[in-house]
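For reference, the chains in residue letters:
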Amino acid sequence: MQTTADPPGDTASDQGLVSNNCCPITKIERVRAAIAPGRDNLPMSSDWLPPRLRPLLGPGLGAVTPEALGRLVGLVEDTDLEFKSAPYEMTEGGRKELANDLAALANGGGALLVLGVEQDSAGLATKLVPLRESDLDIGLWADQVSASRVHPSLTIGYRAVALSEGLVHLFSIPPSLHAPHCVASAETLRYPVRNGRQRHYLTESGVADRYQRRFIGLSDRSRALDEELAAAEDVVNRAEGKFQIWLKLALVPDVPGEIPLRGELTREWEEWVPKVLKDFPAYNDQMSRYHVALGFRSLIVHDSLDSRIDHWRLGGRLELDGAGVLAFGYLGDPEQHINTGGHRILYDEFLIGDLINGLGLLTQHCLRAGGNGNAQVAATVEVPSGGLVVGQPRWSIQGMLEGTRVAEGVGISRHTISADACAQPGRDRLAAVRLLAGDLLSAFGQPEPLQITDELQLVKQQFLQEWRDRVGAWGVRAGVECLEVGGSGTR
């Protein structure tokens, strides 16, 4: 959540933002609710809660209830939890104190800041002391203070929970990929950090160390993405189906989460994973049954007919920290089609469908694991010996797409995406899929996918006839325009 500056007089300039329980919410949260209904069941970057608090409060900020707040009583403040019994003063001193608290909590690894809890001298929460309702949108004011004084800017989640006596204000400050954050004033530039219950300021060497961590982290994530793609090779090798072509899709969150191992974990994931993999029409999606099993510090996704780990056409591994990889297999038998020159054939709408569903699965898993921020995503296609062509099963004369060529190999497409934005069906996910598919198809001489226009519309003519009604229905749910015909490359 970000704004650009404090309004004149330091009062919220957009009052009257009210949530469904009459608590003030920030403008960005209202926008989220408008464009993405039904997202409350997924932890978002601004919905993050410290892992140790999730069993007490719920999976994310949006899940915290008045009853759950009572469980804070008896907890002790720590690096990831700070209590305040009174609101910040709307003065220069209050703004400076808030900015230092937000930066310190972000630099300390992320925390929950709670206004409306009384604590003793040891930091033990003794009781809830809800604050009286105010005309000021506290969440928006805090956002403005952060945006004008904390650099680089922070992602902040805010929610006010209504009790009979007033409001308890919750601020979520997730772990930050861009730490260290400084607080700037006219006289100083300082880097606060929270350690336990104490706040201190980084020394020059401490600041240098934090910047080094930031840039090393970029290399580490790239290496982790390579490791996930390498894991896809093991997935392919374990396949029972004799598929010659494999789409490999991997994701690594910028800030990893952590899913605690528990007995009901596979059952919980089996409730939603099959739905995501069948959401958009894809190759064999109506015939397959998808399962989730426990692996070594991971969850194994597979489509074995008898529920064994060995899979038939789809397999994958979902890491407990939110990373994951999927592999989709295609027969691509050249004997069934003319105009392929004896080469295996990859159908472009199959590629699009599996990228849409696969990216949805990986980003939702990332968020459910508590992953935060952006994510690095990579995709590639394993080309069989003898080369591969891209084809068009939607036409009466099936074969190579006009103007394309035989590919002897396909490189790795890498992009940075918003896991939060891509977790739900919509334009953001289509934009990411268009980038990935465009890179992969360029190996065949095709400059862009024909199914998604540059304005992020779906072209139904570019899908199999039996898919088109489902494509249209998906577009309605996702708020995406569907064209009957048209788009670049229409023949």
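Please refer to the structure higher up on the page.
Notes on the structure in this doc start here. For clarity, every value in this text was computed on a predicted model and none was experimentally measured. Along each chain, the written sequence defines residue order, and numbers are assigned to residues from 1. Restriction of local features to residues with pLDDT of at least 70 applies here, the model being predicted, together with a cutoff of 80 or more for giving and counting side-chain atom pairs; totals for whole chains, interfaces and linings are based on all residues. Values reported for side chains reflect all heavy atoms of the structure, with hydrogen atoms and water molecules removed beforehand.

**Remarks on the packing of aromatic side chains**
Pairing of aromatic rings covers Phe, Tyr and Trp, the last through its six-membered ring, and needs centres within 6.5 Å; plane angles under 30 degrees mean stacked, over 60 mean edge-to-face, and all others mean tilted. In the structure shown here, the tally under the stated rule is 11 aromatic pairs. Measuring from centroid to centroid gives 4.9 Å for Y158 and F171, while their planes differ by 40°, and the two rings are tilted. On the criterion of sequence distance, the pair formed by Y158 in strand β6 (residues 157–163) and F171 in strand β7 (residues 166–173) is long-range, its members being 13 residues apart. Here's how the labels work: a residue is buried when its accessible area is under 20% of the maximum for its type, exposed when over 50%, partly exposed in between, all with a 1.4 Å probe on protein chains only. Taking relative accessible area as the criterion, Y158 reaches 1% and is therefore assigned buried. Aromatic rings pair up to connect F280, Y283, Y330, Y347, F350, F463, W467 and W474 into one cluster. It is R190 that lies over the ring of Y201; its NZ or CZ is 3.7 Å from the centre. Sitting over a ring, as applied to charges here, requires NZ of Lys or CZ of Arg to be within 6 Å of the ring centre and within 35 degrees of the ring normal. R368 extends its terminal NZ or CZ atom over the ring of W272, reaching a point 4.6 Å from the ring centre. Secondary structure elements are defined from DSSP: runs of H or I of at least 4 residues count as helices, runs of E of at least 2 residues count as strands, and each element is numbered from the N terminus.

**Some thoughts on the sheet that holds strand β5 (residues 150–151)**
Here the rule is simple: two strands pair whenever DSSP picks up at least two bridges between them. Strand order in the open sheet formed by three strands is β5-β8-β9, with antiparallel pairing between adjacent strands. Each end of this open sheet is capped by a strand with a single partner; those strands are β5 and β9 (189–190). The pairing of strand β8 (residues 182–184) with β9 spans two bridges and is classified as antiparallel. Bridge pairing in β9 places V183 opposite R190.

**So, the sheet that holds strand β2 (residues 111–115)**
What the four strands build is an open sheet, ordered β1-β2-β7-β6; its pairing is mixed. Edge strands, defined here as strands with exactly one partner in the open sheet, are β1 (81–84) and β6. Across the sheet, the mean angle from the axis of one strand to that of its neighbour is 15°, orientation sign disregarded. As defined by bridge partners, β6 adjoins β7 across seven bridges and the pair is classed as antiparallel. Its bridge partner being in β7, Y158 is matched across the sheet by F171. Note on contacts: a residue pair is in contact if any heavy atoms of the two residues lie within 4.5 Å. All axes are obtained by fitting lines to C-alpha atoms, using only the stretch in contact for helices, and the reported angles, taken between N-to-C directions, cover 0 to 180 degrees. Along the sheet face, helix α4 (residues 92–107) touches β1, β2 and β7 and points at about 160° away from the line of β1. Packing against the sheet, helix α5 (residues 138–149) makes contact with β6 and β7, and its axis sits at approximately 30° to β7.

**A short note on the packing of α4 against α5**
At a minimum axis distance of 9 Å, the contact between α4 and α5 shows a crossing angle of 75°. Classified by the interaxial angle, the pair formed by α4 and α5 is roughly perpendicular. Across the interface between the two elements, E92, G94, R95, K96, L98, A99 and L102 from α4 touch W141, A142, V145, S146 and R149 from α5. Here the nonpolar group is Ala, Val, Leu, Ile, Met, Phe, Trp, Tyr, Cys and Pro; Asp, Glu, Lys and Arg are the charged ones; every other residue, Gly included, is treated as polar. Among the residues forming the contact of α4 with α5, the class breakdown is six nonpolar, two polar and four charged. Oblique is the label for every angle not falling under 35 degrees (roughly parallel), over 145 degrees (roughly antiparallel), or within 65 to 115 degrees (roughly perpendicular).

**Re empty space enclosed by the protein**
Any empty space left between the atoms is revealed when a probe the size of a water molecule rolls over them. Two kinds of site are reported from a 1 Å grid over the protein atoms alone, namely cavities, where a 1.4 Å probe fits but cannot get out, and pockets, open sets with protein on both sides within 12 Å along at least five of seven lines, and residues are called lining when an atom falls within 4 Å of a point. Grid points are joined across faces, edges and corners, and a volume is the space filled by probe spheres set on the points. Within the structure shown, the criterion is met by three cavities of 30 Å³ or more. Here the largest cavity is characterised by a volume of approximately 40 Å³. Taken together, P87, Y88, M90, L98, L115, I138, W141, A142 and F171 make up the full set of residues lining the largest cavity. Broken down by element, the residue count for the lining of the largest cavity peaks at three residues, all from α5. Within the lining of the largest cavity, the residues separate by chemical class into nine nonpolar, no polar and no charged.

**What to know about the nonpolar core**
Buried Ala, Val, Leu, Ile, Met, Phe, Trp, Tyr and Cys residues form a nonpolar core when they are joined through side-chain atoms within 4.5 Å. W269, L355, L361, V381 and L458 are the most contacted members of the largest nonpolar core, which has 79 residues in total. If you tally residues by element for this core, the top one is helix α8 (residues 348–368), at 10 residues. For V381, the contacting residues outside a window of four places in its chain are I245, W246, L247, L346, L351, L388, V410 and L440. Counting residues in hydrophobic clusters, the runner-up holds 25 residues, among them L98, L102, Y158 and F171.

**Some words on the side chain of K460**
Tracing the backbone shows K460 in the loop between β21 (458–459) and α11 (468–478). We call two N or O atoms a polar contact when they sit within 3.5 Å, provided that within protein one can donate a hydrogen and the other can accept it, with sequence-adjacent residues counted only if both atoms are side-chain atoms. Among the polar contacts made by the side chain of K460, one reaches the side chain of E484 at a distance of 3.1 Å.

**Here's the deal with the pairing of strand β16 (residues 324–330)**
The element β16 is largely enclosed, with a buried count of seven among its seven residues. Of the two faces of β16, both are covered, the one formed by G324, L326, F328 and Y330 as well as the one formed by V325, A327 and G329. Of the strand pairs in this sheet, strand β12 (residues 245–255) and β16 are connected by seven bridges, and their pairing is antiparallel. Within β16, the residue paired with I245 across the bridge is Y330. From the end of strand β15 (residues 314–319) to the start of β16, which pair antiparallel, there are four residues, and G322 there has a positive phi angle of about 105°.

**Digging into unusual backbone geometry**
In this structure, P152 follows H151 across a cis peptide bond, with omega equal to -10°. Relative to the helices and strands, P152 resides in the loop between β5 and β6. With an omega of 10°, the peptide bond between A179 and P180 qualifies as cis. The residue P180 is located in the loop between β7 and β8 in this model. Backbone geometry at L456 places phi at a positive 60°, although glycine is not the residue there. Tracing the sequence through the fold places L456 in the loop between α10 (427–442) and β21. Look at L456 and you get buried, because its relative accessible area is 13%.

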